[in-house]
Amino acid sequence: MKLREARKRIEEHADLHAFISISDEDGVGTVVAVKDLVDVAGMVTTAGGIILPNEPADHDAPVVARIRREGCVVVGKTNLHEFAFGVTSVNPHYGAVRNPRDPTRVAGGSSGGSAVAVAAGMCDWAIGSDTGGSIRVPASLCGVVGFKPALGSIDIAGVVPLSWSLDTLGPMAPDVGSAALAFSMMSGDAVSTNNLSRPRLAVPAGWVAGLDEPTERAWRLVSRGWPEVEFVDRDRLFRAGLTILLVEAATYHRRWVAEFPEKYGADVLAHLKRGLGVHGVDYVEAVRERSQLVAEAKQALEGIDALLLPAAAIVAPRIEAGDEAREPLTRFTRPFNTTGQPVVTLPAPVTGLPVGMQVVGRTNAETLRAAMWLEREWHNLSA
């Protein structure tokens, strides 16, 4: 894709509110959109809010500098849920990011603009971030591929934090192969996807429940034939990760919450105040619990290559649904921020609104290969 073509697509789909700002750079190469909490030299980083200084960044974040060396050009910075603290990308300052499959519905978040940019052909691929599902939820709702690499795989310097312990950068792309290549550019780690032998997949026993009808239909189709395996309790993983996120987000924002509460959207302000109310002993307990859960997850995966389960319990809700959609959208994603495992979300082979499925593995390369094998099999299934 050429920059000229990308900018034309962005202009044609301005009503989707996928971008906060457009770059003025020239060049030939892979066109990449960058979530607007990652520093890009010469561009303002808003993080989807109105509190940070309105001054251009002096330097590229390391991940941006790395993809530039790989021949990438930045077309612009994408819209997101304010300060990445939400899963709808209904942003009170820059407009609600709208789902290109149905503009009355949310795109998911917090990397909603990045997902829309890919889904609507505004870039070759996009950078997102994931702390509780922020790559995987919008990928699922918009029908694109999202990859949350193993925790620590990509440098997060120059990125506005949500939770220092959980934040992860990753690519969003049209297909798994493109996501694998984008990850290699972002991380510097080459991933071989040549060996696409049938992976040993399993479904986490007792996890998948409470699905809406379209998601249930898709799940029955793709889960058929895969065995169940006992995995770590979902609620324990969810609670530990959420406690850590709430406290660390509140720590970063505490001064601004006290001085400028009116500059936050109502939902984000409520989350931050909740985090400020968590006791220190509860945070320490969550951190200790997390260490035990990581060890249990590693042991549970012995003998299999990856888990398979839905990315969200529902398809994209209406924009007016508000924060009530948060739990069904993050029910199956947040646990794997707690474990730090690599996860690929890819579209199930269904018609209608997109339904994403998660492939949860042990290493980045194994997870990407398993997802690529599934993508190929599902393509044959829908052909």
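Remember, predicted model here, so these are calculated numbers, not experimental data.

S.K.: Give a detailed account of the packing of helix 2 (residues 62-69) against helix 5 (residues 176-187), specifying residues and quantitative values.
M.R.: Where helix 2 meets helix 5, the axes come as close as 7 Å, and the angle between the chain directions of the two elements is 115°. Relative to helix 5, the element helix 2 lies roughly perpendicular. Counting all contacts with helix 2, which are made through Val63, Arg66 and Ile67, the residues of helix 5 involved are Met185, Met186 and Ser187. Here the residues of the contact of helix 2 with helix 5 sort into four nonpolar, one polar and one charged.

S.K.: So what's going on with the nonpolar core? Residues and values would help.
M.R.: Counting residues in each nonpolar core, the largest one holds 94 residues, and the members touching the most others are Val38, Trp125, Ile127 and Phe231. The element that contributes the greatest number of residues to this core is helix 7 (residues 234-259), accounting for ten residues. If you look at the next biggest cluster of nonpolar residues, it comprises 25 residues, including Phe19, Val31, Val75 and Cys123.

S.K.: Residue-level account of the pairing of strand 14 (residues 343-347), with values.
M.R.: The buried fraction of strand 14 is high, at four of five residues. Relative to strand 14, strand 9 (residues 145-148) runs antiparallel, the two sharing three bridges. When the sheet's bridge partners are listed, Phe147 is paired in strand 14 with Val344. Note: strand 14 against strand 15 (residues 356-361), five bridges, orientation antiparallel. Each bridged residue has a counterpart across the sheet, and for Pro347 the counterpart in strand 15 is Gly356.

S.K.: Lay out helix 6 (residues 213-223) in plain terms, naming residues and giving numbers.
M.R.: Turning to helix 6, its buried residues number three or more, namely Thr215, Ala218, Trp219, Val222 and Ser223. What you see down the axis of helix 6 is that its buried residues fit within an arc of 115°, all on one side.

S.K.: Account for the sheet that holds strand 9, with residues named and values stated.
M.R.: Strand order across the open sheet formed by eleven strands is 1-3-2-8-10-9-14-15-13-11-12, with mixed pairing between neighbours. The sheet is open, and its two edges are formed by strand 1 (19-22) and strand 12 (228-229), each paired on a single side. Pairing of strand 11 (residues 201-204) with strand 12, which is carried by two bridges, proceeds in the parallel orientation. In the sheet register, Val203 faces strand 12, and the bridge partner there is Glu228.

S.K.: With reference to specific residues and values, describe the side chain of Thr168.
M.R.: By secondary structure assignment, the location of Thr168 is in strand 10 (residues 168-173). A polar contact is formed between the side chain of Thr168 and the backbone oxygen of Leu166, at a distance of 3.2 Å. Residues in contact with Thr168, not counting those within four places in the same chain, are Gly128, Ser129, Asp130, Lys148, Pro149, Ala150 and Leu151.

S.K.: Run through the pattern of salt bridges, naming residues and quoting values.
M.R.: Taken as a whole and assessed by the stated rule, the structure comprises 17 salt bridges. When the shortest N-O distance is used, the salt bridge between Asp305 and Arg362 registers 3.5 Å. In this pair, Asp305 sits in the loop between helix 9 (280-300) and strand 13 (306-310) while Arg362 sits in the loop between strand 15 and helix 12 (364-382), placing the two residues 57 residues apart along the sequence. We classify Asp305 as buried; its relative accessible area is 17%. Note that Arg331 is salt-bridged to Glu327, the shortest N-O span being 2.8 Å. Note on Arg331: relative accessible area 13%, which makes it buried. One connected set of salt bridges, linked through shared partners, spans Arg200, Asp305, Arg362 and Glu366.

Procedures and definitions
Residues numbered from 1 in each chain as written. Predicted model: local features only at pLDDT ≥ 70, side-chain atom pairs only at ≥ 80, totals over all residues. Heavy atoms only, no water. Axes fitted to C-alpha atoms, helices over the stretch in contact; angles between N-to-C directions. Helix = DSSP H or I, 4+ residues; strand = E, 2+ residues; numbered from the N terminus. Parallel < 35°, antiparallel > 145°, perpendicular 65-115°, else oblique. Contact = heavy atoms within 4.5 Å. Nonpolar A, V, L, I, M, F, W, Y, C, P; charged D, E, K, R; others polar. Core = buried A, V, L, I, M, F, W, Y, C linked by side-chain atoms within 4.5 Å. Buried < 20%, exposed > 50% of the residue type's maximum accessible area, 1.4 Å probe, protein only. Pairing = 2+ DSSP bridges. Arc of directions from axis to C-beta. Polar contact = N/O pair within 3.5 Å; in protein donor to acceptor, adjacent residues only side chain to side chain. Salt bridge = Lys/Arg side-chain N within 4 Å of Asp/Glu carboxyl O.

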